[in-house]
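# Reading the structure
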Amino acid sequence: MLLGDHRAALDTLLRVRELGVRVSMDDFGTGYSSLSYLRSFPFDKIKIDQSFVRGQSDDPSGMAIVRAIAGLARVSA
């Protein structure tokens, strides 16, 4: 939904947040999601796709990805 007009989407999200609505990104890491969205859009919450979280104790690379995304999101907030 946000891909069509980046500037218009950002303006809309900022106006919605001013009304007190929290903005979330769902299933980050799949489809059209991009790391640049973490820097460009004011997300209050990021839901990381389950493919990175499921079996994280068996796959250290999956956990590293989750930590990196959380760190990037924290810095850009």
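Look up a bit, the structure's there.
### Some words on the pattern of salt bridges
On inspection of all chains with the given rule, the structure shows four salt bridges. Between arginine 17 and aspartate 44 there is a salt bridge, with the nearest N and O atoms lying 2.7 Å from each other. A residue pair is termed long-range when its members are at least 10 positions apart, and arginine 17 in helix α1 (residues 6–18) and aspartate 44 in the loop between α2 (35–40) and β2 (45–48) qualify at 27 residues. We classify aspartate 44 as partly exposed; its relative accessible area is 29%. For aspartate 27, the salt bridge is made with lysine 47, and the minimal N-O distance between the two is 3.0 Å. Taken together, the residues aspartate 27 in strand β1 (residues 24–28) and lysine 47 in strand β2 connect sequence positions 20 residues apart. A relative accessible area of 44% places lysine 47 in the partly exposed class. Salt bridges linked by common partners bring Asp26, Asp27 and Lys47 together as one network.

### What about the environment of leucine 38?
Here leucine 38 is to be found in helix α2. Leucine 38 gets classed as buried once you look at its relative accessible area, which sits at 4%.

Rules used in this analysis
- Residues numbered from 1 in each chain as written.
- Predicted model: local features only at pLDDT ≥ 70, side-chain atom pairs only at ≥ 80, totals over all residues.
- Heavy atoms only, no water.
- Salt bridge = Lys/Arg side-chain N within 4 Å of Asp/Glu carboxyl O.
- Helix = DSSP H or I, 4+ residues; strand = E, 2+ residues; numbered from the N terminus.
- Buried < 20%, exposed > 50% of the residue type's maximum accessible area, 1.4 Å probe, protein only.

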